[in-house]
Amino acid sequence: MTRISEHKVLYTALLTLALIIADFVVTSDVVLVAQDVNTSIRLIRELDSEDVGVADPLGLAYSPGANVFYMLAPPSAHLPSAGNETIIRLTSLGKHAGSVQIPAMPEDPINMVFDSRFNRLLLLNGSGDTLIEVKENPDGELDLESVRRHDVGRFSLGSTRGIAIAPTSGHVFILDGVAARLVRVVPAPDGSISQAEMSEVDLSAAGLDDPAGLALDPATGHLHVMSVGDRQLYELTQMGQVVAARALPDYELGRPTGMVFAPSADTTDDPAQMHLYVALGGPNAEEGRGRTALEHNLLSNMQDAADSAEGGLPRRTGTVVELALEDPVQTIRGSATLASAQLIK
């Protein structure tokens, strides 16, 4: 065989292989391979309970305008409340920056979020029939004279386990853990909730195991849900499709009492860099809501020692952790990707 003939044979073989590969890519369905979307989470820092001012923090929300976090704290000797609920302000560095008291308390503090479109803090009670609104004034302070209650019983919410808001549109997303659904609430143009439109997304196919906590990443428009049962953090499109499943770190985070995305606290990072902040009140946070930071640390040390003796994972409870999420690696077949679903930011 001549050299020219050998080149023709090789060229024909390569062309045939290329056509086979192209045909496979074009005709295959869009597939998101599970083992390729399990990505990591890095612990950036853990806020000290003495800096925060309380043990067993409950709820967590972030106001981009004031650049502060809001957190619910239990009544204690250090925070006399006269029967009211105390809302603590934290700087972006996690330092205590004062507190205010409101005559209202949601049954589950995980249902707290800040609405930057209408400059208000929203708190949904656990039964899902009342939404409490507190306005933030131009000075970045909560206006106690603005406290309002909205009847949202017509949404027929079950056991609500998290709430998040798309910052630009103001659309509200509520996680109904028992019914395994995501409820989208579209407020009226003036921000009214009582007459808002409502739709829902079935999450039963997402495989969430005991979901708790909901946060929306403003950089992507994706929602994040912690699946406590299988220790995974799921990233979902607003249509409920799984984009990534990230295994939680090799220590027990406990049950979240609040989740929110906010800029990285590292001043050397890009200001647009978002991290996930998670409030961890521990498995018995409601029972220990009056503990001081010292009492909490003593009890936590005792629990850690017991866990270690039993071969369990060290726990992080009664604190706020800052987590960095690595970009998911996806294996996509076809011309579309699951992440390309329409987003409302």
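The structure under discussion appears in the preceding block.
Every value quoted in this text rests on a predicted model; they were computed, and no experiment measured them.

What counts as what
- Residues numbered from 1 in each chain as written.
- Predicted model: local features only at pLDDT ≥ 70, side-chain atom pairs only at ≥ 80, totals over all residues.
- Heavy atoms only, no water.
- Phe/Tyr/Trp six-rings, centres within 6.5 Å; stacked < 30°, edge-to-face > 60°.
- Helix = DSSP H or I, 4+ residues; strand = E, 2+ residues; numbered from the N terminus.
- Buried < 20%, exposed > 50% of the residue type's maximum accessible area, 1.4 Å probe, protein only.
- Pairing = 2+ DSSP bridges.
- Axes fitted to C-alpha atoms, helices over the stretch in contact; angles between N-to-C directions.
- 1 Å grid on protein atoms, 1.4 Å probe; cavity = no way out; pocket = protein on both sides within 12 Å on 5 of 7 lines; lining within 4 Å.
- Points joined across faces, edges and corners; volume = space filled by probe spheres on them.
- Salt bridge = Lys/Arg side-chain N within 4 Å of Asp/Glu carboxyl O.
- Polar contact = N/O pair within 3.5 Å; in protein donor to acceptor, adjacent residues only side chain to side chain.
- Contact = heavy atoms within 4.5 Å.

Draft legend 1. Fine view of the packing of aromatic side chains. This model, assessed by the stated rule, comprises 3 aromatic pairs. Seen in terms of ring centroids, F69 and Y277 are 4.9 Å apart; in terms of plane orientation they differ by 50°. Their pairing is tilted. Residue F69 is located in strand 4 (residues 68-73), and its partner Y277 is located in strand 20 (residues 274-280); the two are separated by 208 residues in the primary sequence. Exposure remark for Y277: the relative accessible area of 2% places this residue in the buried category. Grouped by ring-pair contacts, the aromatic residues Y62, F69 and Y277 constitute a single cluster.

Draft legend 2. The arrangement of the sheet that holds strand 3 (residues 58-63) in detail. Taken in spatial order, the 4 strands of this open sheet run 3-4-5-6, and their pairing is antiparallel. For this open sheet the edge positions go to strand 3 and strand 6 (96-102), each flanked by a neighbour on one side alone. Each neighbouring strand pair of the sheet contributes to a mean axis angle of 25°, computed without reference to strand direction.

Draft legend 3. Molecular detail of the layout of surface pockets. The space that makes up the largest pocket amounts to roughly 320 Å³. Along the walls of the largest pocket sit 20 residues, with Y62, I165, L216, V260 and F261 positioned nearest its centre. Broken down by secondary-structure element, the contributors of at least two residues to the lining of the largest pocket are strand 3, strand 7 (112-115), strand 11 (160-165), strand 15 (211-216) and strand 19 (256-263).

Draft legend 4. Representation of the pattern of salt bridges within the structure. Scanning the entire structure with this criterion turns up 9 salt bridges. Among the ionic pairs, E133 bridges to R120, the shortest N-O distance being 3.3 Å. Of the two residues, E133 sits in strand 9 (residues 130-135) while R120 sits in strand 8 (residues 120-124), which places them 13 residues apart along the sequence. For E133, a relative accessible area of 2% corresponds to the buried category. For the salt bridge of R181 with E200, the shortest nitrogen-to-oxygen distance reads 2.7 Å. With R181 in strand 13 (residues 181-186) and E200 in strand 14 (residues 197-202), this pair connects stretches of sequence that are 19 residues apart. For E200, a relative accessible area of 48% corresponds to the partly exposed category. It is possible to trace a salt-bridge network through shared partners that takes in D115, R120, E133 and K135.

Draft legend 5. A look at the sheet that holds strand 21 (residues 319-325). Read across the open sheet, the 4 strands follow the order 2-21-20-19; overall the sheet is antiparallel. Only two strands of the sheet have a single neighbouring strand rather than two, namely strand 2 (41-47) and strand 19. When strand polarity is set aside, the average angle formed by the axes of neighbouring strands in this sheet is 25°. Pairing analysis gives 6 bridges linking strand 2 to strand 21, with the strands arranged antiparallel. Residue E46 lies in a different strand from strand 21, and its bridge partner there is V321.

Draft legend 6. Highlighting the side chain of T319. Relative to the helices and strands, T319 resides in strand 21. In terms of polar contacts, T319 uses its side chain to reach the backbone carbonyl oxygen of L47, at 2.5 Å. Among residues more than four places away in sequence, those in contact with T319 are E46, L47, P57, V278, A279 and L280.

Draft legend 7. Examining the pairing of strand 21 more closely. Counting buried positions along strand 21 yields 7 of 7 residues, so the element is predominantly enclosed. Burial of the side chains of strand 21 extends over both faces: T319, V321, L323 and L325 are buried on one face and V320, E322 and A324 on the other. Two elements, strand 20 and strand 21, share 5 bridges in a ladder whose sense is antiparallel. Paired with Y277 across the bridge in strand 21 is E322.

Draft legend 8. A look at the environment of D151. Mapped onto the secondary structure, D151 falls in strand 10 (residues 148-151). Its relative accessible area of 56% is what places D151 among the exposed residues. Separated by 19 residues in sequence, D151 and I132 have C-alpha atoms that sit 9.0 Å apart. Look past the residues within four positions of D151 in its chain and what remains in contact with it is D129 and S194.

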